[in-house]
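For reference, the chains in residue letters:
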Amino acid sequence: MLNEEMYSLGSKRSVIRELFEYGKARAAEMGKDKVFDFSIGNPSVPPPTEVAKKLKELVLNTDAAALHGYTSAQGDPAVRAAVANSLKARFNTPYTADNIYMTCGASAALAITIRALCEKDDEFVIFAPYFPEYEVFIKSAGGTPVSVSFDGDLGIDFDSLEKAVSDKTKALIVNSPNNPSGTVYGEKTISRLAEFAKAFEKKHGRPLFIIADEPYRELVYGSAEPPFIPNYYDDTIYCYSYSKSLSLAGERIGYIAVSPKAQCAKDVYYAVMGAGRALGYVCAPVLFQRLIAECTDLRPNISAYRENRDLLANGLSEIGYECVLPDGAFYLFVKSPIGDSIEFAHKAKEEGIIIVPGDDFAARGWMRIAYCVSKDVIDRSMPAFRKLFESCMKK
Ligand code: PLP
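Everything numeric here is computed off the predicted structure, so don't read it as measured data.

Chemist: Describe the pairing of strand S4 (residues 144–148), and please don't skip the residues or the numbers.
Modeler: As defined by bridge partners, strand S3 (residues 123–127) adjoins S4 across 5 bridges and the pair is classed as parallel. Across the sheet, Phe124 pairs through a bridge with Pro145, a residue of S4. For the crossover that starts at S3, traverses helix H7 (residues 133–140) and ends in the parallel S4, the hand is right-handed.

Chemist: Outline a nonpolar patch on the surface, listing residues and values.
Modeler: On the surface, a cluster of nonpolar side chains totalling about 460 Å² of accessible area is made up of Met1, Leu2 and Tyr7. Following the sequence through the fold, Met1 ends up in the segment before helix H1 (4–11).

Chemist: Which residues make up the site of the ligand, and what are the values?
Modeler: The local shell around the ligand holds 14 residues, among which Ala106, Ser107, Asp213, Ser241 and Arg252 are the closest. Ser241 is positioned such that a nitrogen or oxygen atom in its side chain is 2.6 Å from an oxygen atom of the ligand. Within the side chain of Lys244, a nitrogen or oxygen atom sits 3.0 Å from an oxygen atom of the ligand. When isolated, the ligand has an accessible area of 390 Å², and the protein chains bury 92% of it. The greatest single-element share of the shell around the ligand, amounting to 4 residues, is contributed by helix H6 (residues 105–117). A class-by-class count of the residues in the shell around the ligand yields 5 nonpolar, 6 polar and 3 charged.

Chemist: Requested: an account of the packing of aromatic side chains, with residues and values cited.
Modeler: Tallied over the full model, the rule gives 20 aromatic pairs. Centre to centre, the rings of Tyr95 and Phe228 are 6.4 Å apart; their planes meet at 75°, and the pair counts as edge-to-face. In this pair, Tyr95 is assigned in the loop between helix H5 (77–91) and strand S2 (100–103) and Phe228 in the loop between strand S6 (209–213) and strand S7 (236–241), connecting sequence segments 133 residues apart. The two residues Tyr95 and Phe228 agree in class, both being buried. Judged by centre distance (5.0 Å) and plane angle (65°), the rings of Phe228 and Tyr238 are edge-to-face. Taken as a pair, Phe228 in the loop between S6 and S7 and Tyr238 in strand S7 lie far apart in primary sequence, 10 residues in all. Both residues of the pair, Phe228 and Tyr238, count as buried. Members of the aromatic cluster, each reached through a chain of ring pairs, are Phe91, Tyr95, Phe228, Tyr238, Tyr240, Tyr242 and Tyr255.

Chemist: Break down the pattern of salt bridges for me, with residues and values.
Modeler: For the structure shown, the criterion picks out 20 salt bridges. Notably, a salt bridge pairs Asp359 with Arg364, separated by 3.2 Å at the nearest N-O pair. Take Asp359: its relative accessible area is 24%, and that puts it in the partly exposed class.

Chemist: Describe in detail unusual backbone geometry, supporting the description with residues and values.
Modeler: Here Ala128 and Pro129 are connected by a cis peptide whose omega angle stands at 0°. The residue Pro129 is located in the loop between S3 and H7 in this model. Residue Pro177 follows Ser176 across a cis peptide bond; omega there is -10°. Tracing the sequence through the fold places Pro177 in the loop between strand S5 (169–175) and helix H9 (187–204). You will see that Ser247, though not glycine, has its phi angle at about 55°, which is positive. Mapped onto the secondary structure, Ser247 falls in the loop between S7 and strand S8 (254–258). Backbone geometry at Ala362 places phi at a positive 60°, although glycine is not the residue there.

Chemist: An account of the domain arrangement of the protein is requested, with residue identities and associated values reported.
Modeler: Along its sequence, the protein is organised into domain 1 (4–48 + 301–393) and domain 2 (69–295). Each of domain 1 and domain 2 was reduced to a C-alpha centroid, and the two centroids are 27 Å apart. Between domain 1 and domain 2 the total buried area reaches about 2,300 Å² when both faces are included, carbon and sulfur atoms providing 66% of it. Its largest share of buried area at the contact with domain 2, domain 1 owes to Asp327, Ala329 and Phe361, together 21% of the area lost on that side.

Chemist: With reference to specific residues and values, describe helix H13 (residues 341–350).
Modeler: Listed in full, the buried residues belonging to H13 are Ser341, Phe344, Ala345, Lys347, Ala348 and Lys349. Packed against the buried residues of H13 are helix H2 (15–30), strand S11 (353–354), strand S12 (356–357), strand S13 (366–370) and helix H14 (375–394). With a side-chain oxygen lying 2.9 Å from the backbone nitrogen of Ile342, the N-terminal cap of H13 falls on Asp340. One or two steps after H13, the chain reaches Gly352, where phi turns positive at roughly 85°.

Chemist: Break down the sheet that holds S6 for me, citing the residues and quoting the values.
Modeler: Read across the sheet, 7 strands follow the order S2-S8-S7-S6-S5-S3-S4 without closing on themselves; strand pairing throughout is mixed. Every interior strand has two partners, whereas the edge strands, S2 and S4, have only one. If you compare each strand with its neighbour and ignore which way they point, the axes differ by 20° on average. Bridging between S2 and S8 involves 4 bridges; their strand directions are antiparallel. For Thr103, the partnering residue across the bridge sits in S8 and is Gly254. Contacts between H5 and the sheet are confined to S2 and S8, with S2 contributing the most and set at about 115° to the helix. This element, H6, spans S2, S3, S5, S6, S7 and S8 of the sheet and lies at about 155° to S7.

What counts, and at which threshold
Residues numbered from 1 in each chain as written. Predicted model: local features only at pLDDT ≥ 70, side-chain atom pairs only at ≥ 80, totals over all residues. Heavy atoms only, no water. Pairing = 2+ DSSP bridges. Helix = DSSP H or I, 4+ residues; strand = E, 2+ residues; numbered from the N terminus. Right-handed = clockwise from strand over helix to strand, strands pointing away. Patch = residues over 30% accessible without salt bridge, like charges linked within 9 Å, V, L, I, M, F, W, Y side chains within 5 Å. Areas by Shrake-Rupley, 256 points an atom, 1.4 Å probe, with all protein chains shown as cover. Salt bridge = Lys/Arg side-chain N within 4 Å of Asp/Glu carboxyl O. Near = heavy atom within 4 Å. Polar contact = N/O pair within 3.5 Å; in protein donor to acceptor, adjacent residues only side chain to side chain. Nonpolar A, V, L, I, M, F, W, Y, C, P; charged D, E, K, R; others polar. Phe/Tyr/Trp six-rings, centres within 6.5 Å; stacked < 30°, edge-to-face > 60°. Buried < 20%, exposed > 50% of the residue type's maximum accessible area, 1.4 Å probe, protein only. Domains from an automatic or database assignment. Buried area = accessible area lost by both parts, 1.4 Å probe. Contact = heavy atoms within 4.5 Å. Axes fitted to C-alpha atoms, helices over the stretch in contact; angles between N-to-C directions.

In structure tokens:
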């Protein structure tokens, strides 16, 4: 009677959402101060003040019918031109408005891109640890996710990648800064990846796409900007979102940029438009499209995230946890001291700590701690983390 696959997706919420709901219920029951909720990547830093100012100006000064009406499916031309010009100025990549497709955040950008590319039996390579929704988007487009497994090394394992690709591979999905590990791929890795993909194209005589998923590009703590993949590899489809960079996660705004240098760039763009249509997106939220046109060059204040990262990583390492100091995003990846991460997440819940087991990211034995919380939550959680660690060590 129902579509089994959709029923299953809807009735089994993602582990992250499940924990997020649990955290809210537990806080209502026990009091907020008893719960340390590190489950979800909801930005804790408010949007830059200019965002509210521009929104107010837009609402007060724009003709209301035009402000709230449909735009072209691919987005308002002036908005797309603003995004293209900003990318061009920043990365010296020759985008124009005709390469930009506005979306409801990175999720829609990914779902649309995958749908646009996917033909029967196509495979999409994803690198563990990875954002779990990739599997949902790939499978519902009729494709097959092929995972490059994770053995504790957070770089790209090129030997495993070689084994993962096949004559059915349509695209590699690359996420840097990474959710859940915070890893930022450096220039050497991206250059090598680009060489790998070029060699694949040469051997197979057809395009291999890189889908660059970069909602965390602006959240980096080192001095170097992450390499911009479209400048290393022409067949790159860039998926971006303002969810994290401008703390607008609930407003659903982002874009797809099809590289103008991609083989058949125009056809890819048409397929993107077709997929957006088939998926029923109509157009991205118009108020926020127009806001973005005014805010393309705004950057977040990430000092609070950096402070949280250092506080949490230092505090947990001092207790005895093994963690990887991340260069970007707002997640700390920590090894479960008892091996089994699901069991460890259960034990953590007993101490009021809500963290996500790595199994959902294809990284068994690891935990994700989202540190986009107030500093106070981190400070207050430290005794609970210590108690948890000591209770695990006793056994
Ligand atoms: N890609 C990654 C790696 C993410 O972590 C997220 C959200 O957490 C998304 C995509 C989707 O973000 P958006 O809110 O823009 O849909």
